[in-house]
Amino acid sequence: MITDTIKKFVSRLFTPATRGPQRIARDKHGIDRRNVSRHAIKVCEVLRQHGYEAYIVGGAVRDLIVGLEPKDFDVATNATPEQIRPLFRRARIIGRRFQLVHVVFGQEIIETSTFRAPASQDQETDEHGRILRDNVFGSQEEDAARRDFTMNALFYDPHTEEVIDYHQGVPDLKKRQVRIIGDPVQRYREDPVRMLRAVRFAAKLNGSIDPDTRKPIGTMAALIENVPASRLFDEMLKLLTCGHAMDCLRQLRADGLHHGMLPLLDVVLEQPGGEHFVELALERTDSRVRAGKSISPSFLFAALLWQQVESRWKQFRAEGEHSVPALVRAADSVLDEQTEKLAIQRRFSSDMREIWFMQPRFERRMGKTIYRMIEQPRFRAACDFLQLRAAAGEFDSVLAQWWMDLANGDDAARADMIEELARLPRDPAEPSAPRKRRRRPRRPAEPRATE
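Residues numbered from 1 in each chain as written. Predicted model: local features only at pLDDT ≥ 70, side-chain atom pairs only at ≥ 80, totals over all residues. Heavy atoms only, no water.

Details of the overall build of the protein chain
Along the protein chain, the regular secondary structure elements total 22 helices and 10 strands. Every one of the 451 residues in the protein chain was classed for burial, and the buried ones make up 47%. Contacts spanning at least 24 positions in sequence make up 67% of the contacts within the protein chain whose residues lie at least 6 apart. Surface summary for the protein chain: the accessible area is close to 25100 Å², and the carbon and sulfur share equals 48%. (Helix = DSSP H or I, 4+ residues; strand = E, 2+ residues; numbered from the N terminus. Buried < 20%, exposed > 50% of the residue type's maximum accessible area, 1.4 Å probe, protein only. Contact = heavy atoms within 4.5 Å. Areas by Shrake-Rupley, 256 points an atom, 1.4 Å probe, with all protein chains shown as cover.)

Some words on the pattern of salt bridges
For the structure shown, the criterion picks out 22 salt bridges. Notably, a salt bridge pairs aspartate 63 with arginine 62, separated by 3.2 Å at the nearest N-O pair. Taking relative accessible area as the criterion, aspartate 63 reaches 4% and is therefore assigned buried. Measuring nitrogen to oxygen at the nearest pair gives 4.0 Å for the salt bridge that ties lysine 175 to aspartate 172. (Salt bridge = Lys/Arg side-chain N within 4 Å of Asp/Glu carboxyl O.)

A few points about unusual backbone geometry
Phi is positive for glutamate 161, close to 60°, though the residue is something other than glycine. Inspection of the secondary structure assignment puts glutamate 161 in the loop between strand E7 (154-157) and strand E8 (162-165). Classification of glutamate 161 by relative accessible area gives partly exposed; the value is 23%. Located in the positive-phi region is asparagine 206, a residue other than glycine, with phi close to 55°. Considering the arrangement of structural elements, one finds asparagine 206 in the loop between helix H9 (193-204) and strand E10 (208-209). Overall, asparagine 206 belongs to the exposed group, its relative accessible area being 68%.

Side note on the nonpolar core
Judged by nonpolar contacts, the single largest core of 92 residues is most densely connected at Ile56 and Trp356. Per-element accounting of this core gives the leading share, 11 residues, to helix H16 (residues 297-318). Setting aside its immediate chain neighbours within four residues, isoleucine 56 contacts Val36, Ala40, Ile41, Cys44, Val61, Phe73, Asp74, Val75, Leu154, Phe155, Tyr156 and Pro158. Among the nonpolar cores identified, the runner-up in size contains 21 residues, and Met373, Ala390, Trp403 and Leu406 belong to it. (Core = buried A, V, L, I, M, F, W, Y, C linked by side-chain atoms within 4.5 Å.)

Thoughts on the environment of glutamate 190
Checked against the element boundaries, glutamate 190 lands in helix H8 (residues 184-190). Judged by its relative accessible area of 7%, glutamate 190 is buried. For glutamate 190, the side chain forms a polar contact with the side chain of arginine 194, separated by 3.1 Å. (Polar contact = N/O pair within 3.5 Å; in protein donor to acceptor, adjacent residues only side chain to side chain.)

So, the packing of aromatic side chains
Applying the stated criterion to the full structure yields 14 aromatic pairs. Measuring from centroid to centroid gives 6.2 Å for phenylalanine 277 and phenylalanine 385, while their planes differ by 65°, and the two rings are edge-to-face. Taken together, the positions of phenylalanine 277 in helix H15 (residues 274-290) and phenylalanine 385 in helix H20 (residues 379-391) put the pair 108 residues apart, joining distant regions of the chain. In this structure, phenylalanine 277 and phenylalanine 385 share a single accessibility class: buried. The interplanar angle of 70° and the centroid separation of 6.3 Å between the aromatic rings of phenylalanine 379 and tryptophan 403 together place this pair among those described as edge-to-face. Of this pair, phenylalanine 379 sits in helix H20 while tryptophan 403 sits in helix H21 (residues 397-408), placing them 24 residues apart in sequence. Each member of the pair, phenylalanine 379 as well as tryptophan 403, carries the same accessibility label: buried. Of the aromatic side chains, those joined through ring pairs into one cluster are Phe277, Phe299, Trp306, Trp313 and Phe385. Just above the ring of phenylalanine 316 sits the side chain of arginine 329; from NZ or CZ to the centre is 3.8 Å. Cation over ring: arginine 365 sits above tryptophan 402, and NZ or CZ is 4.8 Å from the ring centre. (Phe/Tyr/Trp six-rings, centres within 6.5 Å; stacked < 30°, edge-to-face > 60°. Lys NZ or Arg CZ within 6 Å of the ring centre and 35° of its normal.)

Topic: a negative patch on the surface
On the surface, Asp410, Asp411, Asp416, Glu419 and Glu420 cluster together to form a negatively charged patch. Residue position: glutamate 419 is located in helix H22 (residues 411-423). The exposure class assigned to glutamate 419 is partly exposed, which follows from its relative accessible area of 46%. (Patch = residues over 30% accessible without salt bridge, like charges linked within 9 Å, V, L, I, M, F, W, Y side chains within 5 Å. Lys, Arg positive; Asp, Glu negative; His and termini not counted. Charge placed at Lys NZ, Arg CZ, Asp CG, Glu CD.)

Thoughts on the sheet that holds E7
Strand pairing in a sheet takes place through backbone hydrogen bonds and is either antiparallel or parallel in direction. The strand order across the open sheet built from 8 strands is E1-E8-E7-E2-E3-E6-E5-E4, with neighbouring strands paired in mixed fashion. Two strands close off the open sheet at either side, each with one partner strand: strand E1 (22-24) and strand E4 (91-94). On average, adjacent strands in this sheet sit at an angle of 30° to one another, irrespective of strand direction. Pairing analysis gives 4 bridges linking E7 to E8, with the strands arranged antiparallel. Paired with tyrosine 156 across the two strands is valine 163, which belongs to E8. Docked against the sheet, helix H4 (residues 59-66) engages strand E2 (54-57), E7 and E8, running at close to 60° with respect to E2. (Pairing = 2+ DSSP bridges. Axes fitted to C-alpha atoms, helices over the stretch in contact; angles between N-to-C directions.)

Printed below as a string of structure tokens:
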């Protein structure tokens, strides 16, 4: 052990230090320019034409090197936001913590930021060291040092097709290793979300976290509690939609990072059948992500929290409450607990409620009720959720398939299915529609006698 340490020390002592960044040619990094967003290239070209430096940076470069399709493209430049905005027809300055420019091309937004300077004592932080405002600009080298991980500190020049690497990010990518830039303790204090990002990147790349990068996470996990709920929700959504969601959740639990993100997740996974249900939901989500299909955050969070909602629903019904009010109360209580730490947006929580509230209605198949169900905007999502419940053994699979066939059919096919259902003898196990009380006809009032 001592001999190995001495060898490493001597090796570092006599190895000539590399000065400046490595400029890696196209045949070494493997990025095909045709896979780069033409709008991101356009932003770089316009900035260059006006005398500024500009590079594609961050996650897009990382993904292109490992053969993944980037979700978006960012540009870094030495131009300030005020200098960038007038150069483009549709551009706006955003951000409080660090100002940047959104350059809009139809549906695509190219996030364009100015090189940042190193952290200083003058920067505004909270009592835990998290940076609150960060509008100090700097050089490209300083900007690379400010980025979180070596694999995210890569600059791609679309003009020369070179990758500029200041921190051995390309070798780390080749090894599929997530390594933080600088002192891990300090960098996690500056932004605790970096701990979550380390887990996500390692899962996404099917790689590992550098030992020194991972070591402080267990003792610093509590800092996640200080992250604004809206930012935490965004990061959680990225974790769940990275294509390796279950791996991420297991690693979060192993490192103690799940607290404050989904407080009830441990309870869900410890319930009988709970982990199986969550695994089914995340496996289907991962499959859709890897196939390039769209996913619904509302559906995903509805699936993650369903076990807890169902458990409380059963509890409230056992206490004598009617089914529908009991389900509403269960959903409200679970969502109230979640939104204390995780800012689930109102549009998502509204869709989640609709998906949950339609589940009891699938148990009853009556002509008018079915047509009313079809007209609901979340009918298809609720059918997909029903399939998930059937796969987990919570619902009759044959009945769930009937509803899915109905959702997939056109108007004529749906009418045929409903007519055929009406001709079949009613299944005694299937609940019937509640009978309406017949109103007695009003008796005409007798005329009052006049005095």
